[in-house]
Amino acid sequence: PALAMLQEARRCAASPDVQTFSALVSVCASASHWERAVALLQEMCDGSAEARPDIYTFNAAMDACKVADMWHLALRLLAVMGDRGLRPDAVSYGTCITACAGSHQAERGLSLFDEMLGRGVQPTPVTYVAALKAVAKCGAWEQALQFLGDMRCRGLQL
């Protein structure tokens, strides 16, 4: 139904905006249609759609990839996001870290956490939970304790 609304809007010569596209990508992600979510994002990136993607559109598409265990595609979208001049936020990184941790790529997820900090993105409880999941997969309990200490120093709670 959501994609039918997009087709109807186009048929009526309406120009769906970025919020409409972001909502459609989110709906596709929620319905486990990662391919369609990524295709909508691609339409926006290549100029065939009426709107350009924003951080929310990318985050929704990365979430669809995470749910589908397509960690490598989530990471690719994170890179494309940066290439397009959009600054990934804690949601972007948390989604990719979780995707990696859930797909036996825990070390890669932990390196994303370090990259996030290096780029000045402030971690949230959600990104810490994602990093803790990755640490658990690696069996690195000392690093888990360090993350918990860092959270406490930042005044964050789980």
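Quantities reported herein were computed from a predicted structural model and do not represent experimental measurements. (Residues numbered from 1 in each chain as written. Predicted model: local features only at pLDDT ≥ 70, side-chain atom pairs only at ≥ 80, totals over all residues. Heavy atoms only, no water.)

Caption draft 1: Examining the overall build of the protein chain more closely. Within the protein chain, the secondary structure is distributed over 9 helices and 0 strands. Ordered by position from N to C terminus, the α and β elements of the protein chain give α-α-α-α-α-α-α-α-α. Across its three principal axes, the protein chain shows a C-alpha extent of roughly 60 × 25 × 25 Å. Of all 158 residues assigned to the protein chain, the portion counted as buried reaches 43%. Excluding contacts between residues fewer than 6 apart, the proportion of contacts in the protein chain whose partners are at least 24 apart in sequence is 59%. Counting every atom, the protein chain has about 8300 Å² of accessible surface; 55% of that belongs to carbon and sulfur. Within the protein chain, the 16 negative side-chain charges are centred at a point lying 1 Å from the centre of the 14 positive side-chain charges. (Helix = DSSP H or I, 4+ residues; strand = E, 2+ residues; numbered from the N terminus. Buried < 20%, exposed > 50% of the residue type's maximum accessible area, 1.4 Å probe, protein only. Contact = heavy atoms within 4.5 Å. Areas by Shrake-Rupley, 256 points an atom, 1.4 Å probe, with all protein chains shown as cover. Lys, Arg positive; Asp, Glu negative; His and termini not counted. Charge placed at Lys NZ, Arg CZ, Asp CG, Glu CD.)

Caption draft 2: Spotlight on unusual backbone geometry. Positive phi, close to 60 degrees, is recorded for serine 32, a residue that is not glycine. Note on serine 32: relative accessible area 52%, which makes it exposed. At aspartate 69, a position not held by glycine, the phi torsion is positive, near 60 degrees. On the secondary structure map, aspartate 69 appears in the loop between helix H4 (55–67) and helix H5 (71–83).

Caption draft 3: Structural view of the pattern of salt bridges. Scanning the entire structure with this criterion turns up 3 salt bridges. Across the pair lysine 66 and aspartate 63 runs a salt bridge whose closest N-O atoms are separated by 2.9 Å. One end of the pair is lysine 66 and the other is aspartate 63, both in helix H4 and 3 residues apart, which spans about a single turn. Overall, lysine 66 belongs to the partly exposed group, its relative accessible area being 25%. On the accessibility criterion, aspartate 63 (27% relative accessible area) is partly exposed. For arginine 119, the salt bridge goes to glutamate 115, with nearest N and O atoms at 3.5 Å. For arginine 119, a relative accessible area of 54% corresponds to the exposed category. According to the relative accessible area criterion, glutamate 115 is partly exposed, its value standing at 31%. (Salt bridge = Lys/Arg side-chain N within 4 Å of Asp/Glu carboxyl O.)

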